[in-house]
Amino acid sequence: MTNSVPRLINNFIHGKQVIPSTSKYLPVHSPIDSSIIASVALSSKADVDDAVQSAQTAFHSWSALTTKSRAAILLKFHALVKDNSHELAQLIVQENGKNFTEALADVAKGNETVEYACSMPQLCQGKTLRVSSAVTCEDRRDALGVVASIVPFNFPFM
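Quick look at the structure, then.

Procedures and definitions
- Residues numbered from 1 in each chain as written.
- Predicted model: local features only at pLDDT ≥ 70, side-chain atom pairs only at ≥ 80, totals over all residues.
- Heavy atoms only, no water.
- Helix = DSSP H or I, 4+ residues; strand = E, 2+ residues; numbered from the N terminus.
- Contact = heavy atoms within 4.5 Å.
- Pairing = 2+ DSSP bridges.
- Expected span 1.5 Å × (residues − 1).
- Buried < 20%, exposed > 50% of the residue type's maximum accessible area, 1.4 Å probe, protein only.
- Arc of directions from axis to C-beta.
- Salt bridge = Lys/Arg side-chain N within 4 Å of Asp/Glu carboxyl O.

As a further point, take the environment of T67. In this structure, T67 sits in helix α2 (residues 67-83). The sequence separation of T67 and V107 amounts to 40 residues, and the corresponding C-alpha distance is 25 Å. Not counting residues up to four positions away in its chain, the partners in contact with T67 are M120 and P121.

Attention now moves to the pairing of strand β5 (residues 36-41). Both faces of the sheet carry side chains from a regular strand, because those side chains alternate between them. When strand β1 (residues 7-9) meets β5, the two strands line up parallel, connected through three bridges. Of the residues in β5, the one forming a bridge with I9 is V40. Where strand β4 (residues 25-29) meets β5, five bridges bridge the pair, whose relative direction is antiparallel. When the sheet's bridge partners are listed, Y25 is paired in β5 with A41.

Here α2 contains 17 residues, and its C-alpha end-to-end distance of 24 Å stays within 8% of the 24 Å for a straight helix at 1.5 Å per residue. Among the residues of α2, R70, A71, H78 and V81 are the ones counted as buried. In an axial view of α2, the angular spread of the buried residues amounts to 95°, which keeps them on one side of the axis. Residues of α2 that are exposed and angled more than 90 degrees away from the buried face: K68, K76, L80 and D83.

A word on the pattern of salt bridges. Throughout the structure, instances matching the rule amount to four salt bridges. E95 is paired through a salt bridge with R7; the nearest N and O atoms lie 2.8 Å apart. With E95 in helix α3 (residues 85-96) and R7 in strand β1, this residue pair connects regions lying 88 residues apart in the sequence. What makes R7 partly exposed here is its relative accessible area of 27%. Across the pair E112 and K109 runs a salt bridge, and its minimum N-O distance is 3.2 Å.

Structure (structure tokens):
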């Protein structure tokens, strides 16, 4: 199933759609019939720097949240993925060429990683160990900063 009008996919930076500074796009071809189903932004180093700066700015408020509050946000995301799994799977069918059953499994597997992240309040509990009468060691987990992830093409929802 392909769209009659290809989608234009811009960058998503600081909560909004941003046209790439290059004004260039790369066509995305359907693996089913080679039709163009979308065009994705071809970003410049400046676009990436802008996205990283936005993420670093957001990190300050994100890291100020309690682990429980962060997990609550991820639980909402988990529910949205589950509620929209068929639509997400259909996108994978269009863009990746998987059959619908495999695409649904991809979404479910990706959502399992969200489930793991939701368990962070239990996994990130620190420890305090009294090593001697005058020495106490503390083990704690603090948010360190912005990370990036490149997912495998054959599991796009991961």
